Amino acid sequence: SQKIEQNSEALNIQEGKTATLTCNYTNYSPAYLQWYRQDPGRGPVFLLLIRENEKEKRKERLKVTFDTTLKQSLFHITASQPADSATYLCALEGNFNKFYFGSGTKLNVKP
Amino acid sequence: DVKVTQSSRYLVKRTGEKVFLECVQDMDHENMFWYRQDPGLGLRLIYFSYDVKMKEKGDIPEGYSVSREKKERFSLILESASTNQTSMYLCASSFRQLGGYTFGSGTRLTVV
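Residues numbered from 1 in each chain as written. Chains lettered and ligands numbered in written order. Predicted model: local features only at pLDDT ≥ 70, side-chain atom pairs only at ≥ 80, totals over all residues. Heavy atoms only, no water.

This next bit is on the overall build of chain B. Of the regular secondary structure elements, chain B holds 0 helices and 12 strands. When the elements of chain B are put in sequence order from the N terminus, they spell out β-β-β-β-β-β-β-β-β-β-β-β. For chain B, whose C-alpha radius of gyration is 13 Å, the value lies close to the compact-globule estimate of 13 Å for 112 residues. Taken over the C-alpha atoms alone, chain B extends approximately 40 × 25 × 25 Å along its principal axes. Within chain B, buried positions represent 50% of all 112 residues. Within chain B, residue pairs in contact and separated by at least 24 positions form 54% of the contacts whose partners lie at least 6 positions apart. Here chain B displays about 5400 Å² of accessible surface, and carbon together with sulfur accounts for 50% of that area. (Helix = DSSP H or I, 4+ residues; strand = E, 2+ residues; numbered from the N terminus. Rg over C-alpha atoms; globule rule 2.2 N^0.38 Å. Buried < 20%, exposed > 50% of the residue type's maximum accessible area, 1.4 Å probe, protein only. Contact = heavy atoms within 4.5 Å. Areas by Shrake-Rupley, 256 points an atom, 1.4 Å probe, with all protein chains shown as cover.)

This brings us to the interface of chain B and chain A. Every contact between the two is made by 26 residues of chain B and, on the other side, 20 residues of chain A. Interface of chain B and chain A: buried area, both sides summed, is about 1800 Å²; carbon and sulfur atoms make up 50% of it. Our enumeration of links across chain B and chain A arrives at 0 salt bridges. Inspection of the chain B/chain A interface yields 6 residue pairs in polar contact (both at pLDDT 80 or more). Listing elements by their share of the side of chain B that touches chain A, those giving two or more residues are β5 (31-38), β6 (42-49), β10 (87-95) and β11 (98-103) of chain B. (Buried area = accessible area lost by both parts, 1.4 Å probe. Salt bridge = Lys/Arg side-chain N within 4 Å of Asp/Glu carboxyl O. Polar contact = N/O pair within 3.5 Å; in protein donor to acceptor, adjacent residues only side chain to side chain.)

Residues and elements named next belong to chain A. The sheet built from 5 strands is open, its strands ordered β1-β3-β8-β7-β6 with antiparallel pairing. Of all the strands in the sheet, just β1 (3-6) and β6 (56-59) have a single pairing partner and so form its edges. Adjacent strand axes in the sheet meet at a mean angle of 15°, parallel and antiparallel pairs treated alike. Pairing geometry for strand β3 (residues 19-26) and strand β8 (residues 72-77), over 6 bridges, is antiparallel. (Pairing = 2+ DSSP bridges. Axes fitted to C-alpha atoms, helices over the stretch in contact; angles between N-to-C directions.)

Let us now look at the nonpolar core. Counting residues in hydrophobic clusters, the biggest one holds 24 residues, and the most contacted among them are W35, F75, I77, Y88, L92 and L107 of chain A. Contributing elements (two or more residues each) for this core: β3, β4 (32-38), β5 (45-51), β7 (62-67), β8, β9 (86-93) and β11 (105-110) of chain A. (Core = buried A, V, L, I, M, F, W, Y, C linked by side-chain atoms within 4.5 Å.)

Residue and element names in this part refer to chain A. Here P111 is to be found in the segment after β11. Residue P111 is classed as exposed on the basis of its relative accessible area of 74%. In this structure, the C-alpha to C-alpha distance between P111 and S80, residues 31 residues apart in sequence, is 9.7 Å. P111 has contacts with Q14, E15 and P82, leaving out every residue within four places of it along the chain.

Rendered as structure tokens:
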């Protein structure tokens, strides 16, 4: 079955630096991949969707890459701010428009 | 502002009770989903529906059922609540593959 791996250890970075989060997957060839932000006690909020034929996608300070050969997606936040502190989830498309989620990586941006 | 509304933020129920979790979306989305989220396990799909009166099992449907009588409403039913169903329950909706899921704020259910 498909497996989605995100680093379970929190990522701690200094304000202003670029945060890079990783999502690896196996036994799988999704056509779409999404990234979400989740704050404590809240539901995830959709950030970006990238298709398998798009190598890179940007939205303001966010950048996502999708390498179908490496079976990996990287999520970058440039010029990070303390308000970016949250857990970030990747999700991969399955059948019937349903997505499988990773467990998420917690990002801590320190002032 | 478009949204997904879950009826309760916090719920405490006794073992053996029948529990209803309600979810309503106002975006005319075809697809609706129920997930549970547990520490270290991430979001796991319980059931989903891609049309009225349609339902499909997700990865962990045991002990749950669902109902979708109207397009905007998707209900999750715990037939006989057990302590291992203590969790955060999240409802989501989507319009096919455009954009992403819109999630509700979640219901934290505790079964005692």
